Amino acid sequence: QVQLVESGGGLVQAGGSLRLSCAASGLTFRSYAMVWFRQSPGKEREFVASISWSGGYTNYADSVNGRFTITRDNAKNMVSLQMDSLKPEDTAVYFCAAILTLGWGTRDPNGMKYWGKGTLVTVSS
């Protein structure tokens, strides 16, 4: 079955960096655009960043643009999110998701086909 497994979360001070990874299995990875979402307590799940099947196109939420970088390695079935200049408001559970490549650009979590279980990122002030 399809599995998306996130890793790399943890506790970091404001201004610091973390790198999240998502390992995918059970799917034809190159057929999917990959997306990162996040969810804070009491808030809706929100789009963070996405990357096309080839890695040639990326898309970011305004709140993270210029601080976060999404990349993928199709040979390893991995997608990563480099998070720099972290802020306390970045604290959330971060989820990896997959959407068929025709859905590239979708920011609606309801449009995702597969989800990981999430990894917690806590940024202290």
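Above this note sits the structure.
Basis of the calculations
- Residues numbered from 1 in each chain as written.
- Predicted model: local features only at pLDDT ≥ 70, side-chain atom pairs only at ≥ 80, totals over all residues.
- Heavy atoms only, no water.
- Helix = DSSP H or I, 4+ residues; strand = E, 2+ residues; numbered from the N terminus.
- Salt bridge = Lys/Arg side-chain N within 4 Å of Asp/Glu carboxyl O.
- Buried < 20%, exposed > 50% of the residue type's maximum accessible area, 1.4 Å probe, protein only.

S.K.: Please clarify how the environment of Val 48 should be interpreted in this entry.
M.R.: Structurally, the position occupied by Val 48 is in strand S5 (residues 46-51). For the pair formed by Val 48 and Ser 63, sequence separation is 15 residues and the distance between their alpha carbons is 8.1 Å.

S.K.: I would appreciate a short explanation of the pattern of salt bridges in the present structure.
M.R.: Oppositely charged side chains can pair when the atoms bearing their charge come close. Scanning the entire structure with this criterion turns up 3 salt bridges. Here Arg 38 ties to Asp 90 by a salt bridge, and the two come within 2.9 Å at their closest N and O atoms. With a gap of 52 residues between them, Arg 38 in strand S4 (residues 32-39) and Asp 90 in the loop between strand S8 (78-83) and strand S9 (92-100) connect regions that are remote in the sequence. Residue Arg 38 shares its accessibility class with Asp 90, and that shared class is buried. One salt bridge connects Arg 67 with Asp 90, and the closest N-O pair in it is separated by 2.8 Å. Placement of Arg 67 in the loop between strand S6 (58-60) and strand S7 (68-73) and of Asp 90 in the loop between S8 and S9 is noted, with a sequence separation of 23 residues between them. Judged by relative accessible area, which is 11%, Arg 67 ranks as buried. Because the salt bridges share partners, they merge into one network encompassing Arg 38, Glu 46, Arg 67 and Asp 90.

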